[in-house]
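One-letter residues, chain by chain:
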Amino acid sequence: MPAGFYLIIAAQFTSALADNALLIVAVARLQELGLPGWWAPLLKFTFTLSYVLLAPWVGPLADAVPKARLMAWMNALKFAGVVLLLVGVHPLLSFAVVGLAAAAYAPAKYGLITETVRPELLVAANGWIEVSIVCAVLLGTVTGGLLVSPWVLGAQWSSELIQIAQAAVPALHGITSLAVPVAVVLALYLVAGGLNLGIPDSGKRYPSSWAGPRTMLRDFMAGNRLLWADREGGLSLAVTTLFWGAGATLQFIVLKWAQDALGLGLDRAAYLQGVVAIGVVAGAAVAGRWIALHRATRVLPMGVAMGLLVPCMAAVDTLMVAVPLLAVIGACAGFFVVPMNALLQHRGCRLLTAGRSIAVQGYNENLSILAMLATYAALLAAGVGIGWLIVLLGLLVAAVMCLLILRDRRATPAPRARALDSPSSSWPT
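Residues numbered from 1 in each chain as written. Predicted model: local features only at pLDDT ≥ 70, side-chain atom pairs only at ≥ 80, totals over all residues. Heavy atoms only, no water.

*Asks:* In this structure, what is going on with the side chain of Ser-94? I would like to understand it.
*Replies:* Along the polypeptide, Ser-94 turns up in helix 5 (residues 91–116). We classify Ser-94 as buried; its relative accessible area is 1%. Residues in contact with Ser-94, not counting those within four places in the same chain, are Gly-81, Val-82, Leu-84 and Leu-85. (Helix = DSSP H or I, 4+ residues; strand = E, 2+ residues; numbered from the N terminus. Buried < 20%, exposed > 50% of the residue type's maximum accessible area, 1.4 Å probe, protein only. Contact = heavy atoms within 4.5 Å.)

Written as structure tokens, this is what we have:
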């Protein structure tokens, strides 16, 4: 791997670790405010909204400035969003600010990987970055669970620290009782920002693409159509769009299912998210080691397997069965999404610029997250049981993956290696 690659991984890991710890802390804050359970997925909804609304502009922004510097700026904005939570601002508003920063951070991060890593190493590089993301999910949810556990919130030293802070800074008089967990998240964002500043510049520069808002929106939509129309790009974009929408929904389903079906508290329910993350790490590591880029589409049946395994959760009511089941679901997810993500980045970089292709990818994936989380929250508010929601999600994933496999097999035969290198290959309509 090129110089600076592992520093990118370290910065990404620390920032994502803070994001996931913050999610658990924010859910605890919602519960502290006495809000019903369907508010929890709205945290992710407000976080993701900026990804969709700002997609036409964050790609050109990532191409206009050194990407490592932009990542450091966005970590500073995340820090500001968490400060809002610290002083008692509603968690949804705080998460919206953090999501605004994350929307610009994502194309810079993935674009930097695409700029610095050779195409033949992209699957391995994506294996590294996906493993770092999932490890951050694992440790972030565990950290968040620990931070909201009675060991921290109920400790005398925690109350004493809050009193000292309020005495030293009168402006902090209205800080939330979750001040200590929030302060830990702030420290993580500071570390991530420092790591970003040490990442070397890739040296890649692009012609200026700043224009009027309408022109940039039109260019973005044209790039979106181009990537969907490409055979390999369209297939991989469809798969990752489904994966991230379902994955975000499953994250909240696991939290509620663990509390309702297994009788766990929020802190221990967060640990079960970590079990899924361990499985994803294992699957991503195997894919990064054994799946070549030109064979990426061979992993699609794993998506069907993942979808069929999810409904099994509805019949589980013991930890002894829940833990291995969640680990296997995660392994299937990690094994099929890493090659698809690498294929999508490869095609996107050839058809568009690195920043623009990642912005298009983020737009579609996060639009899926918004739609699926909104549907989940609405069904939950309407009183649909968590068991039925689990079954519906799993069958949806399996059905869509089967349709994508059939559509790919019915496409005009073309050598995979040629399709990977030629912008003329098209996604059949």
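*Asks:* Explain the environment of Ser-158 to me, please; I cannot follow it from the model alone.
*Replies:* With respect to the helices, strands and loops of the structure, Ser-158 is situated in helix 8 (residues 156–168). Looking at Ser-158, the relative accessible area reads 2%, which means it is buried. Distance from Ser-158 to Pro-181, taken between C-alpha atoms, is 9.4 Å for residues 23 residues apart in sequence.

*Asks:* Would you explain the nonpolar core in this entry?
*Replies:* Core analysis: the largest hydrophobic core is formed by 102 residues, its most contacted members being Trp-257, Leu-272, Met-313 and Met-401. Those residues within four positions of Met-401 in sequence are excluded, and the remaining contacts are Val-239, Leu-242, Leu-300, Gly-303, Val-304 and Phe-336. If you look at the next biggest cluster of nonpolar residues, it comprises 35 residues, including Ala-55, Ala-62, Ala-101 and Tyr-105. (Core = buried A, V, L, I, M, F, W, Y, C linked by side-chain atoms within 4.5 Å.)

*Asks:* Honestly, a nonpolar patch on the surface in this entry has me stumped. Any pointers?
*Replies:* On the surface, Met-1, Tyr-6 and Trp-128 cluster together into a nonpolar patch covering about 310 Å² of accessible area. On the secondary structure map, Tyr-6 appears in helix 1 (residues 5–32). (Patch = residues over 30% accessible without salt bridge, like charges linked within 9 Å, V, L, I, M, F, W, Y side chains within 5 Å. Areas by Shrake-Rupley, 256 points an atom, 1.4 Å probe, with all protein chains shown as cover. Salt bridge = Lys/Arg side-chain N within 4 Å of Asp/Glu carboxyl O.)

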